[in-house]
Amino acid sequence: MQPGMKNFTRKRGSGGPPPSVQSQLTTPISCDRSNERYDFCSLNGPSFLDPTTSTFLVVDSSSSTRQPISEKVRPYPRKWEKDIMSHIKELILTSSGTPISTPCDVWHNAPALVFSAGGYTGNLFHDFNDGFIPLFVTVTATANSLVSDRNLVLVIANSRNWWLTKYVELLSRFTNYPIINLDNETATHCFPSASVGLISHGYMTIDPTLLPHSETFLNFRTLLEAAYVHGQSPPTARPRLVLVSRSGGVGRVIRNQDEIARAAEETGFEVSIFEPTQYTSLSEAYGLINGSHAMIGVHGAALTHSLFLRPGSVFVQVVPLGIDWLAETCFGKSARDMGLEYMEYKIRVEESSLVEKYKRDDLVLKNPKAVVKEAWLKTKEIYLKDQDVKLDLARFGKYLNKAFKKAKRFMDKEASEGSSVGLA
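What you see is a predicted model, and the numbers here were worked out from it, not measured in a lab.

A few points about the overall build of the protein
Part 1 of the reasoning: Scanning the protein for helices and strands turns up 14 helices and 17 strands.
Part 2 of the reasoning: Here the C-alpha radius of gyration of the protein, 24 Å, is about what a compact globule of 424 residues would show, namely 22 Å.
Part 3 of the reasoning: Taken along its principal axes, the extent of the C-alpha atoms in the protein is 75 × 65 × 40 Å.
Part 4 of the reasoning: Burial statistics for the protein: of 424 residues in total, 56% are counted as buried.
Part 5 of the reasoning: Expressed as a percentage of contacts within the protein between residues at least 6 apart in sequence, the contacts between residues at least 24 apart total 74%.
Part 6 of the reasoning: A total accessible area of about 18800 Å² is found for the protein, and carbon and sulfur atoms account for 50% of it.
Part 7 of the reasoning: Counting 47 positive and 44 negative side-chain charges, the protein places the averaged centre of each group 5 Å from the other.

Here you go:
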């Protein structure tokens with residue numbers, strides 16, 4: 001699911017606002033390339049964009065004799081993946097000591113923020129992990145109240161029309177202005193300044209210690225709520241549970257899903273089966289999940305929808321063999337950061353379909369950590385693509401009971417608080 005996952009060792013202070021945005025600099029172009037995840041460049045003056053050549057030219061008004069600066073940058077926060085980065089549009093940033101002679105077709109009073117929607121676009125996990133979460137981090141790290149006042153112009157490279165349509169509500173929470181699709185644009189644009197690149201704090205991470213106002217995942221969750229706001233869900237006698245489904249040859253399918261759904265109903269849940277596709281409306285998905293009290297699913301990109309759960313909701317991630325680190329890194333940490341009641345159900349060997357293919361004494365079953373440590377490709381092919389699960393009903397039933405109690409307590413608390421507000 002997460003191609004090219006890499007376990008980084010964070011350097012002290014890494015992932016915060018680049019030096020170029022922490023102080024006023026006299027240089028017309030400043031680039032921070034010290035982070036292993038991303039490059040970030042600032043154009044510190046009037047900036048001219050020629051989209052036909054993917055070039056930004058910034059006027060160096062402080063000196064007409066200084067040597068011109070020239071930088072190249074691919075604005076996507078996975079720079080350790082050389083193959084992926086080769087498909088990201090490269091932008092050329094140059095400076096000039098003389099006024100720009102080419103006229104601007106469009107003048108903007110707001111600064112530009114330039115990034116790419118290429119890479120692994122189409123995979124929901126990557127759309128958020130490599131896109132919207134770094135976008136949130138960048139706008140909060142580089143200026144005060146940018147997210148709330150939306151006074152910036154988004155210039156997006158490698159952006160497909162379906163992607164812009166799918167995320168239109170969320171993109172609108174970052175900008176008050178029409179988005180510039182760099183791949184289709186021909187008109188020249190002028191900005192008072194520009195930033196190129198996205199700042200990443202790590203996989204599904206927002207580190208409040210690196211942001212000026214200590215923003216957290218809860219602030220990002222508030223942004224999602226503003227984008228996909230729905231009215232309150234109607235009262236229910238039973239906690240609502242969303243069971244995330246997978247089918248086909250994608251791996252990590254719950255083979256006894258119908259039995260699990262029935263067991264959840266018998267436990268006391270009102271169950272909805274949710275199997276999203278690339279074209280699933282995020283607004284509809286938000287309405288379903290935000291209105292639920294619990295969510296259960298096997299590790300996979302669709303669990304990114306856990307971002308739509310309200311703080312206090314229950315989130316149970318089923319963890320197949322060999323992907324403990326992925327489960328924690330991709331969804332466990334963010335779930336706790338959002339205030340969810342997070343639970344992990346780590347399957348046993350006999351619950352994995354891999355027992356049909358490998359002998360019990362094979363390292364694949366006996367020591368998944370050793371196999372995973374050897375190569376990412378083995379993790380991807382064996383534990384992500386080739387593995388389905390058949391959950392032990394008796395064992396999983398205990399987790400369902402625990403999840404139900406937590407969800408019922410959450411539902412009752414909400415109902416009580418709602419009644420108190422009504423009486424007030």
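Moving on, there is more to tell.
Description of the sheet that holds strand β15 (residues 294–298)
Part 1 of the reasoning: Ordered in space as β14-β13-β15-β16-β17, the five strands form an open sheet in which the pairing is parallel. In this open sheet, the two edge strands, each paired with only one partner strand, are β14 (270–274) and β17 (341–346). Here the strands of the sheet are splayed against their neighbours by 20 degrees on average, with no regard to which way each runs.
Part 2 of the reasoning: Summarising the sheet, strand β16 (residues 314–319) and β17 pair through six bridges and their orientation is parallel. Each bridged residue has a counterpart across the sheet, and for Phe315 the counterpart in β17 is Tyr342.
Part 3 of the reasoning: Along the sheet face, helix α8 (residues 257–267) touches β13 (240–244) and β14 and points at about 155 degrees away from the line of β14.

Quick look at the domain arrangement of the protein
Reports of interface size often rely on the accessible area that becomes lost once the parts have come together.
Part 1 of the reasoning: Examined at the domain level, the protein breaks down into domain 1 (29–228) and domain 2 (240–414).
Part 2 of the reasoning: In this structure, domain 1 and domain 2 have C-alpha centres spaced 34 Å apart.
Part 3 of the reasoning: Opposite the 19 residues of domain 1 that make contact, domain 2 presents 23 residues.
Part 4 of the reasoning: In total, domain 1 and domain 2 occlude about 1900 Å² of area from one another, counting both sides; carbon and sulfur atoms represent 71% of this.
Part 5 of the reasoning: Area buried by domain 1 at its contact with domain 2 is led by Met204, Arg221 and Tyr228, which between them contribute 32% of it.
Part 6 of the reasoning: The element that contributes the greatest number of residues to the side of domain 1 that touches domain 2 is helix α7 (residues 217–227), accounting for six residues.
Part 7 of the reasoning: Class assignment of the residues belonging to the side of domain 1 that touches domain 2 gives a composition of 12 nonpolar, three polar and four charged.

Overview of unusual backbone geometry
Part 1 of the reasoning: Backbone geometry places Arg150, a non-glycine residue, at a positive phi of 55 degrees.
Part 2 of the reasoning: With respect to the secondary-structure elements, Arg150 resides in the loop between α4 (146–149) and β9 (153–157).
Part 3 of the reasoning: With a phi angle near 55 degrees, Ser214 is a residue other than glycine that sits in the positive phi range.
Part 4 of the reasoning: Mapped onto the elements of the fold, Ser214 is located in the loop between β12 (194–196) and α7.
Part 5 of the reasoning: For Ser214, a relative accessible area of 44% gives the class partly exposed.

Description of the environment of Glu275
Part 1 of the reasoning: Counting through the fold element by element, Glu275 comes out in the loop between β14 and α9 (282–290).
Part 2 of the reasoning: Of the residues examined, Glu275 reaches a relative accessible area of 40% and is grouped as partly exposed.
Part 3 of the reasoning: Each C-alpha atom of the pair Glu275 and Leu243 lies 8.5 Å from the other, and the pair is 32 residues apart in sequence.
Part 4 of the reasoning: Residues within four places of Glu275 in sequence aside, it is in contact with Ser245, Arg246 and Ser247.
Part 5 of the reasoning: Among the polar contacts listed, one links the side chain of Glu275 to the side chain of Ser245, at a separation of 3.5 Å.

Examining the environment of Leu135
Part 1 of the reasoning: Position of Leu135 among the secondary structure elements: in helix α3 (residues 124–142).
Part 2 of the reasoning: Measuring from C-alpha to C-alpha, the distance between Leu135 and Gln232 comes to 28 Å, with 97 residues separating the pair along the chain.
Part 3 of the reasoning: Setting aside residues up to four positions removed in sequence, Leu135 forms contacts with Leu113, Phe115, Leu154, Phe174 and Leu198.

Definitions and cut-offs
Residues numbered from 1 in each chain as written. Predicted model: local features only at pLDDT ≥ 70, side-chain atom pairs only at ≥ 80, totals over all residues. Heavy atoms only, no water. Helix = DSSP H or I, 4+ residues; strand = E, 2+ residues; numbered from the N terminus. Rg over C-alpha atoms; globule rule 2.2 N^0.38 Å. Buried < 20%, exposed > 50% of the residue type's maximum accessible area, 1.4 Å probe, protein only. Contact = heavy atoms within 4.5 Å. Areas by Shrake-Rupley, 256 points an atom, 1.4 Å probe, with all protein chains shown as cover. Lys, Arg positive; Asp, Glu negative; His and termini not counted. Charge placed at Lys NZ, Arg CZ, Asp CG, Glu CD. Pairing = 2+ DSSP bridges. Axes fitted to C-alpha atoms, helices over the stretch in contact; angles between N-to-C directions. Domains from an automatic or database assignment. Buried area = accessible area lost by both parts, 1.4 Å probe. Nonpolar A, V, L, I, M, F, W, Y, C, P; charged D, E, K, R; others polar. Polar contact = N/O pair within 3.5 Å; in protein donor to acceptor, adjacent residues only side chain to side chain.

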